[in-house]
Amino acid sequence: MTSPRVEIDLGKIQANAQCLVRRLGARGISVTGVTKAVCGHPDVAVAMVDGGVAGLADARIKNVVRMRTAGITCPISMIRSPLLSEMEDVIQYCDASYNTEMDTILKLGAAAKQQSTSHDVILMVEMGNMREGVMPENLDDFAARVIATPGVALKGIAANFACMDNVAPTADDMAALSRLANQVEGACGPFLELVSGGGSANLPWALGEGSTGRVNNLRLGEAILLGTDPVTGHPISGLHTDAFALFAEVIETRLKPSSIPVSYTH
Ligand SMILES: *Cc1c(COP(=O)(O)O)cnc(C)c1O
């Protein structure tokens, strides 16, 4: 077989997904499997689905198309705000998308109506990560506008942590997200089905002892694929950390000092 190559043990990915689905399920939290790190590789996606994830998510529409073309029919969401140039594809291939701009949501709604369907919108809330996100003080008004937009349905809210700053969320952060969910419902009416608390960086909180509040979903990539915590880099107990293996021919193996005396280099 050619080298260098990466071999992927799909059984280990399935087992990691299964373990996380079971442990988080006991805490009332569903798992969305994030496939962007493997460019939507269908075999890896199927391993996640076989492990029991509630759905898949990716940050690139071409990865989603790749999974759909391979016959994957489970719910797939776009976890990055859709580009204005890809609205039709997002409506056609994704059940839901994470959004932060009213302009984008209006265009999604128009594209959904054109395709005689409805698209679920999850609002990404800014919780201090300073990636994309609606500011909490604007969330009620923003949600009301989404609810009034034809062609889309407000499915929930979500937060991102440790993406730009590598700081794990605290119990206070997660309680604040729960309060925001209650507040939006109080202000706008409809029940928020999904309160998505972030990615693998939130596992220490999610698998801890504290109340999970309204948070009922995590979007997990690294923990399923690598079995590690993205903030510390440490293995997560019970997970395989060797599902991916790099095979290459060794051309030299030798212990060398980190520098050599200058006289040898001339
Ligand atoms: C990549 C990504 C995730 C998954 O992050 P991991 O650290 O790999 O679990 C979750 N949410 C969003 C918005 C992402 O872009």
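Structure first, text after, so check above.
Residues numbered from 1 in each chain as written. Predicted model: local features only at pLDDT ≥ 70, side-chain atom pairs only at ≥ 80, totals over all residues. Heavy atoms only, no water.

Caption draft 1: Here's a closer look at the overall build of the chain. Summing up its helical and strand segments, the chain has nine helices and 10 strands in all. For the C-alpha atoms alone, the extent of the chain along its principal axes is close to 75 × 45 × 40 Å. The long-range fraction of contacts in the chain, counting pairs at least 24 apart against all pairs at least 6 apart in sequence, stands at 59%. For the chain, the exposed area adds up to about 13,200 Å²; of that, 54% sits on carbon and sulfur atoms. Here the chain holds 21 positive side-chain charges and 28 negative ones, and the gap between their average locations is 3 Å. (Helix = DSSP H or I, 4+ residues; strand = E, 2+ residues; numbered from the N terminus. Contact = heavy atoms within 4.5 Å. Areas by Shrake-Rupley, 256 points an atom, 1.4 Å probe, with all protein chains shown as cover. Lys, Arg positive; Asp, Glu negative; His and termini not counted. Charge placed at Lys NZ, Arg CZ, Asp CG, Glu CD.)

Caption draft 2: Quick peek at the pattern of salt bridges. This structure, assessed with the given rule, holds nine salt bridges. The salt bridge partner of glutamate 185 is arginine 214, with a shortest N-O separation of 2.7 Å. With glutamate 185 in helix α7 (residues 171-188) and arginine 214 in the loop between α8 (203-206) and β9 (217-220), the pair connects residues that are 29 residues apart, well separated along the chain. Taking the shortest distance from any N to any O, the salt bridge between arginine 254 and glutamate 252 comes out at 3.6 Å. Look at arginine 254 and you get exposed, because its relative accessible area is 59%. Residue class for glutamate 252 comes out partly exposed when judged on its relative accessible area of 45%. (Salt bridge = Lys/Arg side-chain N within 4 Å of Asp/Glu carboxyl O. Buried < 20%, exposed > 50% of the residue type's maximum accessible area, 1.4 Å probe, protein only.)

Caption draft 3: Molecular detail of helix α5 (residues 102-114). Taking 1.5 Å of rise per residue, 13 residues should cover 18 Å, and α5 covers 18 Å from first to last C-alpha, within 8% of that figure. Among the residues of α5, Met102, Thr104, Ile105, Leu108, Gly109, Ala111 and Ala112 are the ones counted as buried. At its buried positions, α5 is contacted by α4 (87-93), β5 (96-99), β6 (119-125), α6 (139-147) and β7 (152-159). One or two residues past the end of α5 sits serine 116, with phi positive at roughly 50°. (Expected span 1.5 Å × (residues − 1).)

Caption draft 4: Inspection of the packing of α6 against α7 at higher detail. As a packed pair, α6 and α7 sit with axes 9 Å apart at the nearest point and diverge in direction by 55°. One way to sum up the angle between α6 and α7 is to call them oblique. The chirality of how α6 crosses α7 is right-handed. Touching Leu139, Asp140, Ala143, Ala144 and Ile147 of α6 are Leu180, Gln183, Val184, Ala187 and Cys188, all from α7. For the contact of α6 with α7, the per-class residue count stands at eight nonpolar, one polar and one charged. (Axes fitted to C-alpha atoms, helices over the stretch in contact; angles between N-to-C directions. Parallel < 35°, antiparallel > 145°, perpendicular 65-115°, else oblique. Left-handed = near helix turned anticlockwise from the far one by under 90°. Nonpolar A, V, L, I, M, F, W, Y, C, P; charged D, E, K, R; others polar.)

Caption draft 5: Fine view of the pairing of β9. On β9, burial covers both faces: Asn217 and Arg219 on one face and Leu218 and Leu220 on the other are all buried. In this sheet, β9 lies alongside strand β2 (residues 30-34) in parallel orientation, the contact comprising four bridges. The residue bridging serine 30 from the neighbouring strand is asparagine 217, located in β9. (Pairing = 2+ DSSP bridges.)

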